[in-house]
Amino acid sequence: MQKEILIAGFGGQGALFAGQVMAYAAMDNGKEVTWIPSYGPEMRGGTANCTVVIADDEIGSPLVKNPPAVIAFNLPSFDKYEELVQPGGVLIVNQSMVDRGASRTDIITIFVPGNELAEEIGDRRLLNMVMVGALLTRLPELSIQDIETALNAHLPERHKKLLPQNRLALQRGYDYAQKELEKQII
Amino acid sequence: MARELLKGNVAMAEAAVRAGLEAYFGYPITPQTEVLEHLSARLPELGRTFVQAESEVAAINMVYGAACTGTRVMSSSSSPGVSLMMEGISYISGTEIPAVLVNVMRGGPGLGNIAPSQGDYNQAVHGGGHGDYNMIVLAPSTVQESIDLMVLAFDLAEKYRMITMLLTDGSIGQMMEPAELPEMRPVVRKDWDWATNGAIGRERRILSSIYINPPLEEETNLRLMKTWQKVQANEVRYKEYYLDDAEFIVVGFGTSGRVALSAVRAARAQGIKVGLFRPISLNPFPYAMIDELANKASAFLVVEMNSGQMLEDIRLAVRGRVPVEFYARLGGIVPFPDEVLSEIQRVATTKLNTDQHPRDAWLARFTAQSER
């Protein structure tokens with residue numbers, strides 16, 4: 001088994017941490033995992049992305065040209081990565097930050113109003129967990145419980161009070177995406 | 001100890017601490033700054049020495065001075081910074097004292113960029129500083145290997161009284177992977193019979209790289225060569241993947257080695273009998289193993305993130321018996337596995353032309369492809 005996930009957004013939207021949380025969860029499940037950020041000047045210019053690879057065996061390349069799972073937090077990421085998603089793959093788009101629909105029909109694209117959902121829970125910084133929750137509907141390698149356990153095990157003590165909210169954000173993203181998926185299947 | 005999710009640079013730094021690193025001298029440069037950042041907190045906390053020098057030139061000379069006392073000492077930098085250290089590296093080598101260096105390579109030449117590269121292979125493996133010297137050069141490809149080789153580097157440096165360099169790149173430095181750190185070893189400053197650590201009650205010792213008298217310099221050169229023969233005999237390291245029945249052999253180190261691993265697996269899934277040979281010690285280079293593989297393989301494919309620097313060492317070992325092909329990305333670009341897979345398919349299915357140097361052939365192919 002090997003699965004690659006690419007997460008991209010503006011700096012500050014939590015894309016890198018979203019990837020780290022998934023990497024922790026995969027590690028805690030006994031998997032091999034790599035997390036690699038974009039650390040170049042583009043990161044300083046405002047966009048940030050990371051790639052997470054989860055596998056049973058020693059991982060080769062930490063990067064893939066056509067990831068089967070992508071989260072796009074904003075329009076530039078949506079524009080850049082939509083065409084790169086592996087056919088049959090899944091693309092989670094933060095609908096709050098884009099002004100167009102999907103242009104591909106050979107992948108599953110799920111639009112999630114991430115900013116609004118996060119603000120409803122009470123903190124816009126929960127955007128990344130909403131988006132991760134949405135991806136989990138199409139990511140059999142990890143469950144909400146895995147992510148929650150990873151947050152609990154690896155968040156610094158001072159942030160632990162935010163756990164219930166993070167849990168809620170994951171669930172909200174998951175439920176929203178699940179409903180969208182059901183609509184698409186019908 | 002349990003596995004932790006660690007960033008390559010941080011993992012190397014913490015591994016050095018646990019291996020008994022007593023003093024660090026360095027200067028920040030992306031993409032290795034986390035090494036320095038981690039040590040700037042850890043070493044003072046443990047009552048050890050951390051100095052951010054005013055430049056890489058100063059840092060390497062501080063390393064030189066501290067190494068003379070028998071202290072476990074290191075520095076780290078990235079390509080342009082390592083170039084600045086070349087004079088000091090030659091002096092340390094000429095003085096025959098141990099030191100550990102890390103080069104987290106980035107795109108070059110010149111100031112280049114901060115993306116991952118392997119452009120400093122020749123500088124590390126075939127000299128860079130002046131005069132006849134060798135460094136042990138180790139190339140990790142994972143975070144765990146970065147840790148294990150860092151610990152080994154200190155032992156090897158002291159065993160052979162020479163510099164051991166970890167040659168890695170921005171990709172491995174910035175990547176996080178689960179890895180296990182070693183137990184904390186106590187700081188032990190051994191009473192080496194060469195160390196200038198205070199001459200009270202004993203004969204004075206002099207450590208220097210100056211041999212004004214040519215016969216004495218020649219004697220030193222010969223001694224360095226004999227030491228290097230021992231290193232060559234004992235310290236060759238590499239990892240093999242799917243080589244048992246391999247007709248085609250991909251060779252790559254560090255990041256290009258692990259990218260090649262993905263491509264080799266994909267090619268295997270298509271029924272191509274291909275394996276991967278990943279050198280870990282770049283100096284001493286695993287010539288003998290390549291030599292042996294050349295007797296049973298029908299072709300080699302060398303994959304690097306430079307213009308074919310290790311390629312020449314492979315050609316030296318293969319000695320024209322079978323075709324050696326080449327694929328590269330440069331400038332700080334890491335190849336994707338599918339690029340390497342296409343090359344494996346080409347090597348496995350087409351008649352290879354051996355008239356042209358593989359570097360020239362690759363350059364022609366690559367340029368034609370990008371112009372299309």
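It should be noted that the structure appears before, not after, this text.
Residues numbered from 1 in each chain as written. Chains lettered and ligands numbered in written order. Predicted model: local features only at pLDDT ≥ 70, side-chain atom pairs only at ≥ 80, totals over all residues. Heavy atoms only, no water.

### A few points about the overall build of chain A
Reasoning step 1: Within chain A, the secondary structure is distributed over seven helices and six strands.
Reasoning step 2: Overall, chain A shows an N-to-C arrangement of helices and strands of β-α-β-α-β-β-α-β-β-α-α-α-α.
Reasoning step 3: Against the globule reference of 16 Å for 186 residues, chain A gives a C-alpha radius of gyration of 15 Å, in line with a compact fold.
Reasoning step 4: The principal-axis extent of the C-alpha atoms belonging to chain A is close to 45 × 40 × 40 Å. (Helix = DSSP H or I, 4+ residues; strand = E, 2+ residues; numbered from the N terminus. Rg over C-alpha atoms; globule rule 2.2 N^0.38 Å.)

### So, the sheet that holds strand E5 (residues 99-105) of chain B
Residues and elements named next belong to chain B.
Reasoning step 1: Spatial strand order, E3-E2-E4-E5-E7-E6-E12: seven strands in an open sheet with mixed pairing. Each of the sheet's edge strands pairs with one partner strand only, and the pair in question is strand E3 (49-52) and strand E12 (281-283). Geometrically, the sheet is characterised by an average inter-axis angle of 20° between neighbouring strands, direction not taken into account.
Reasoning step 2: Bridge count for strand E4 (residues 73-77) against E5 is four bridges, and the pairing is parallel. Following the sheet pairing, Ser77 is matched in E5 by Asn103.
Reasoning step 3: Along the sheet, helix H3 (residues 56-68) makes contact with strand E2 (23-26), E3, E4 and E5, crossing E4 at roughly 165°. (Pairing = 2+ DSSP bridges. Axes fitted to C-alpha atoms, helices over the stretch in contact; angles between N-to-C directions. Contact = heavy atoms within 4.5 Å.)

### Description of the interface of chain B and chain A
Reasoning step 1: Each side of the interface is counted separately: chain B has 28 residues, and chain A has 25 residues.
Reasoning step 2: Both faces combined, the contact of chain B with chain A buries some 2,100 Å², and carbon together with sulfur accounts for 59% of it.
Reasoning step 3: Across the chain B-chain A interface, the total number found is three salt bridges.
Reasoning step 4: A salt bridge links Lys239 of chain B to Glu58 of chain A, with the nearest nitrogen and oxygen atoms 3.0 Å apart. (Buried area = accessible area lost by both parts, 1.4 Å probe. Salt bridge = Lys/Arg side-chain N within 4 Å of Asp/Glu carboxyl O.)

### Examining the side chain of Ser76 of chain B
Residues and elements named next belong to chain B.
Reasoning step 1: Tracing the backbone through its elements, the reader meets Ser76 in strand E4.
Reasoning step 2: Only 2.7 Å separates the side chain of Ser76 from the side chain of Tyr24, close enough to count as a polar contact.
Reasoning step 3: A distance of 2.6 Å separates the side chain of Ser76 from the side chain of Gln32, its partner in a polar contact.
Reasoning step 4: For Ser76, the contacting residues outside a window of four places in its chain are Tyr24, Phe25, Tyr27, Gln32, Val35, Met85 and Val102. (Polar contact = N/O pair within 3.5 Å; in protein donor to acceptor, adjacent residues only side chain to side chain.)

### Observations concerning the sheet that holds strand E10 (residues 248-251) of chain B
Residues and elements named next belong to chain B.
Reasoning step 1: Taken in spatial order, the five strands of this open sheet run E9-E11-E10-E13-E14, and their pairing is mixed. Looking at the sheet topology across the chains shown, the edges are occupied by strand E9 (238-241) and strand E14 (324-328). Neighbour-to-neighbour, the strand axes of this sheet turn through a mean angle of 20°, independent of strand direction.
Reasoning step 2: The sheet contact formed by E10 and strand E13 (residues 299-304) spans four bridges and is parallel. What sits directly across from Phe248, in E13, is Ala299.
Reasoning step 3: Across the sheet, helix H10 (residues 254-269) touches E9, E10, strand E11 (274-279) and E13, and the angle it forms with E11 is around 170°.

### Let's talk about the pattern of salt bridges
Reasoning step 1: Counted according to the given criterion, the structure contains 37 salt bridges over all chains.
Reasoning step 2: With a shortest N-O distance of 2.8 Å, Arg104 of chain A and Asp106 of chain A are connected by a salt bridge.
Reasoning step 3: Given a relative accessible area of 39%, Asp106 of chain A falls into the partly exposed group.
Reasoning step 4: We note a salt bridge from Arg223 of chain B to Glu96 of chain B, for which the minimum N-O separation is 2.6 Å. On the criterion of sequence distance, the pair formed by Arg223 of chain B in helix H9 (residues 214-234) and Glu96 of chain B in the loop between helix H5 (86-95) and E5 is long-range, its members being 127 residues apart.
Reasoning step 5: By relative accessible area, Arg223 of chain B is classed as partly exposed at 35%.
Reasoning step 6: Accessibility expressed as a relative area gives 9% for Glu96 of chain B, which makes it buried.
Reasoning step 7: Connected through salt bridges with shared partners, the residues Arg72, Asp155, Glu158, Arg185 and Lys190 of chain B form a single ionic network. (Buried < 20%, exposed > 50% of the residue type's maximum accessible area, 1.4 Å probe, protein only.)

### Concerning helix H11 (residues 287-294) of chain B
Residue and element names in this part refer to chain B.
Reasoning step 1: Among the residues making up H11, those that are buried are Ile290, Leu293 and Ala294. Take H11 and look down its axis: the buried residues cluster within an arc of 100°, on one side only.
Reasoning step 2: Against E10, E11, E13 and helix H12 (309-318) lie the buried residues of H11. (Arc of directions from axis to C-beta.)

### What to know about the packing of helix H5 (residues 127-136) of chain A against helix H7 (residues 163-185) of chain A
All names here are of chain A.
Reasoning step 1: Contact pair H5 / H7: the axes reach a minimum separation of 6 Å and the direction vectors enclose 45°. Between H5 and H7, the interaxial angle falls into the category oblique. Both H5 and H7 take part in a crossing whose hand is right-handed. From H5, Met129, Val130, Val132, Gly133, Ala134 and Leu136 reach across to H7, where they touch Asn166, Ala169, Leu170, Gly173, Tyr174 and Ala177.
Reasoning step 2: Taken together, the residues of the contact of H5 with H7 break down into nine nonpolar, three polar and no charged. (Parallel < 35°, antiparallel > 145°, perpendicular 65-115°, else oblique. Left-handed = near helix turned anticlockwise from the far one by under 90°. Nonpolar A, V, L, I, M, F, W, Y, C, P; charged D, E, K, R; others polar.)

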